[in-house]
Amino acid sequence: MRHGEVANPDGILYGRLPGYHLSELGRKMADRVAEHLAPRDVTHVCASPLERAQETATPIAKAHGLDLATDERLIEAENIFQGKTFGVGDGALRKPDNWKYLVNPFRPSWGEPYVDQVVRMMGALNAAKDRARGHEAVLVSHQLPIWIVRSYVEKRRLWHDPRKRQCTLASLTTFTYLGDKIVSVGYSEPAIDLVPAHLRAGARPQKGKGTAQGKAFGA
């Protein structure tokens, strides 16, 4: 699961920075998904250590009477632009000193290598599979790592156009195992009616500040 909407009034790429919590709308998203998953056979709930992921996972764990586990491997991807505003025509991209970080979109040159994200996310998936074998597990992570591991499993190239990621706020990307092998991948959006249109999968980020305008950076 990707976490819910974050309170980000300054519109920065918050990445792994501490102190970024769910907005009121984000908490509603988390509650909605918890209700959606309540009938499921969930025996393990685990989240990235970042506050927004922990807060998203908490109502899900509570609905199943489970303690919430934490896995560092589910954390957001590293990014050199963390803590800065980021966009075409404003923020960090206007500064020539930052252009050197944009030379290789295949690695990528501005942050954690895609291959490294695959390794850690597959490790987290397999650990959860073993923990909940015969049942279901819910892992709460972040858009880029979720999309990268899905791309790997579905045998797509890892470099991509960020605007085309299918990983909306509070969405569920489901990996089904047969034994130790992933046999299918699913995707659903149980809180889609709560997600502003410009933050849905495939939408272009809009200029502006605050959660109402909603730069979906570092998500």
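The structure under discussion appears in the preceding block.
Now for a quick tour of the structure. (Residues numbered from 1 in each chain as written. Predicted model: local features only at pLDDT ≥ 70, side-chain atom pairs only at ≥ 80, totals over all residues. Heavy atoms only, no water.)

This part takes up the packing of helix 3 (residues 114-131) against helix 4 (residues 143-153). Two measures define how a pair of helices packs: the angle their axes make with one another and the distance between the axes. Taken N-terminus to C-terminus, the directions of helix 3 and helix 4 make an angle of 85 degrees; their axes are 9 Å apart at the nearest point. One way to sum up the angle between helix 3 and helix 4 is to call them roughly perpendicular. Of helix 4, the residues touching helix 3 (which contributes Tyr 114, Gln 117, Val 118, Arg 120, Met 121, Met 122 and Leu 125) are Leu 144, Pro 145, Ile 146, Ile 148, Val 149, Tyr 152 and Val 153. Classifying every residue of the contact of helix 3 with helix 4 gives twelve nonpolar, one polar and one charged. (Axes fitted to C-alpha atoms, helices over the stretch in contact; angles between N-to-C directions. Helix = DSSP H or I, 4+ residues; strand = E, 2+ residues; numbered from the N terminus. Parallel < 35°, antiparallel > 145°, perpendicular 65-115°, else oblique. Contact = heavy atoms within 4.5 Å. Nonpolar A, V, L, I, M, F, W, Y, C, P; charged D, E, K, R; others polar.)

Across the six residues that make up strand 1 (residues 42-47), a large majority, five, are buried. In this sheet, strand 5 (residues 136-140) lies alongside strand 1 in parallel orientation, the contact comprising five bridges. The residue of strand 5 that forms the bridge with Ala 47 is Val 140. Of the pairings in the sheet, the one linking strand 1 to strand 2 (residues 68-70) comprises three bridges and is parallel in character. Following the sheet pairing, Ala 47 is matched in strand 2 by Thr 70. In this fold, the crossover linking strand 1 to strand 2 by way of helix 2 (residues 51-63) has right-handed handedness. (Buried < 20%, exposed > 50% of the residue type's maximum accessible area, 1.4 Å probe, protein only. Pairing = 2+ DSSP bridges. Right-handed = clockwise from strand over helix to strand, strands pointing away.)

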